[in-house]
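The residues making up each chain are set out below.
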Amino acid sequence: MNRSFALLIIVPLLIAVVSLGCKRPDEAGVSDKSPAKAEQSEKPAAPQEEPSDSGTVKETVRDIRTHEFPSFADLVENLKPSVVNISTTSVVKPKGFRERQPRSPYGENDPFEEFFRKFFEGAPQHEYKRQGLGSGFIISEDGYVVTNYHVVEKAVDISVILENGDKYEGKVIGKDPKTDLAVVKFEPKGKLQAVSFGNSDDLRIGDWVLAIGNPFGLGYTVTAGIVSAKGRSLGLGAYDDFIQTDASLNPGNSGGPLFNLNGEVVGVNTAIVAQGQGIGFAIPIKMAEFVIGQLKGGGKVVRGWLGVYVQELTPEIASGLSLNEDDGVLVSDVTPESPADKAGIKRGDVVVEFEGKKVNDVSDLTTMAAVAEPGTEVNIKFIHDGKPRDVTVKLAQAPDEEVPAEVEEKAEEHLGLSVKEINPQIARRFNLEVDKGVIISEVAEGSPAEDAGLRAGDIILEIDKSGITDLNQYAQAVSKAKPGSTILILVKRAETTVYAALRVEESGKEKRKSN
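Residues numbered from 1 in each chain as written. Predicted model: local features only at pLDDT ≥ 70, side-chain atom pairs only at ≥ 80, totals over all residues. Heavy atoms only, no water.

Draft legend 1. Summary view of the overall build of the chain. When its secondary structure is counted, the chain shows 13 helices and 29 strands. Each of the 515 residues in the chain was classed as buried or not, and the buried ones make up 40%. Accessible area of the chain: about 29600 Å², with a carbon and sulfur share of 51%. (Helix = DSSP H or I, 4+ residues; strand = E, 2+ residues; numbered from the N terminus. Buried < 20%, exposed > 50% of the residue type's maximum accessible area, 1.4 Å probe, protein only. Areas by Shrake-Rupley, 256 points an atom, 1.4 Å probe, with all protein chains shown as cover.)

In structure tokens form, the structure reads like this:
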């Protein structure tokens, strides 16, 4: 009894104590501010510490991650009227013997191949027209357009098609094979919207760029990407200095503009890599602007000329020349009586500066000399025998060099094939992975070459185990073949190499004909 009475008294007291202890400070009437906390709150706030470098990097990364990707819609809408599609017609003249007739669309092993062969046999030899596509951009309101040289190279008819569908006849005003640029003129009905040029030197790797063009004839296709690299050399000539971008470029984009996000042209889309994806190349507008101005004004480009051949200065070569640094470019040869020769520049010298600008690579010196007016006096700093020198050179006009669109074609009628020597232009046009060698351009119907399985487009690598890199080697190898003998030819076809045994027809033997 006493025990029960004690529990009735103690339990309510415990509940009251626990409830009081669980109340928040303000509910319990207890202040949150102890003397220590009050003192701390009265102290002035300590100044914030400067963020460390690692903190800055983290903030930058956070900003990039949270930054929204831009929409290009408004920019594209403003730029489209300045971009044109270019359609060309060229006349192809067969050489040597009758051109190869069409085959069955199902390939060589199709059961109807024989039917197709007989159907097309006996067709007369004739010229035929070839259609071409490209892009361009308007540089003046009265109808001047920039495109690539290879787009209009052999065109007999040029059509310029505006964004609104209007179609005009164009005429080539000037072209420059060395930089693959051309200017076309047409007569518009009214004033046109011209592009603005930017400064390609200001581009940074990672900057956004837009390409607008006519890929595969689809018309006004827009692709976006970034600047992947600058100063790329593709082995196409002395003025290689390309912008590399991952903005998708395809056949038909050639000659179109590469824009920055300010809507300024920073490049002329020119080349792609065979079998490559996301790898396109554009001529920097700073170089192109010099050429475009001259083509528009006089139809011909006049360049300054120094008269030296230069190559990259590697650390190994710099060490061999007892140089402490590998800045500049190495003079590998000097043209006699050239401005450089007269100024005392010698083979083995290292050019480090041209008219106050550092020379970092071969394209720097080539381009800076080319864009200077002939007769201009420029200051050149170079190293001779380990000692710095400084000379003034009066540039001359660059000698004219014929750059053939295509090299000579050689026909071997007794073999039934024609070949051409590959040059950079042919390699670029046909997206070849090599820039030298000999390519089969034509195979005659019913010929020994066709019997051996050779095809147009095959690249000849060897004849009777002797390497073939040019037409002279090809001609010498073929001339050694005796009538009635068989020569072994190694060719590259797409991604593979193939051997072919080609029988040389005997002298006086009647050539097989297509009936």
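Draft legend 2. Spotlight on helix α10 (residues 362–370). Within α10, 7 of the 9 residues are buried, which leaves the element mostly enclosed by the surrounding structure. Where α10 is buried, its residues meet α7 (285–298), β15 (304–305), β16 (308–312), β17 (329–334), β18 (350–354) and β19 (357–358). (Contact = heavy atoms within 4.5 Å.)

Draft legend 3. How the structure looks around the side chain of Ser447. Relative to the helices and strands, Ser447 resides in the loop between β25 (437–443) and α12 (448–451). Polar side-chain contacts of Ser447 include one of 3.3 Å to the backbone oxygen of Gly416. (Polar contact = N/O pair within 3.5 Å; in protein donor to acceptor, adjacent residues only side chain to side chain.)

Draft legend 4. A look at helix α13 (residues 471–479). Buried residues of α13: Leu471, Tyr474, Ala477 and Val478, and no others. Seen from one end, α13 has its buried residues packed into an arc of 130 degrees, which puts them on one side. Residues of α13 that are exposed and point more than 90 degrees away from the buried face comprise Asn472, Gln476 and Ser479. With a side-chain oxygen positioned 3.2 Å from the backbone nitrogen of Asn472, the residue opening α13 is Asp470. (Arc of directions from axis to C-beta.)

Draft legend 5. Geometry of unusual backbone geometry. Here the phi dihedral of Asp180 falls at roughly 60 degrees; this positive angle occurs in a residue that is not glycine. With respect to the helices and strands, Asp180 occurs in the loop between β6 (171–176) and β7 (181–185). What makes Asp180 buried here is its relative accessible area of 4%. Of note, the phi angle at Asp464 is positive, near 50 degrees, even though the residue is not glycine. By the secondary structure assignment, Asp464 is in the loop between β26 (459–463) and β27 (466–467). A residue is classified by how much of its surface remains accessible, and Asp464, at 39% relative accessible area, is partly exposed.

Draft legend 6. Main features of the side chain of Thr89. Assignment of secondary structure puts Thr89 in strand β1 (residues 83–92). A residue is classified by how much of its surface remains accessible, and Thr89, at 12% relative accessible area, is buried. Within the local environment of Thr89, its side chain forms a polar contact with the side chain of Gln131, the two groups lying 3.1 Å apart. In this structure, Thr89 is in contact with Lys129, Arg130, Gln131, Lys154, Ala155, Val156 and Asp157, ignoring residues within four places of it in sequence.

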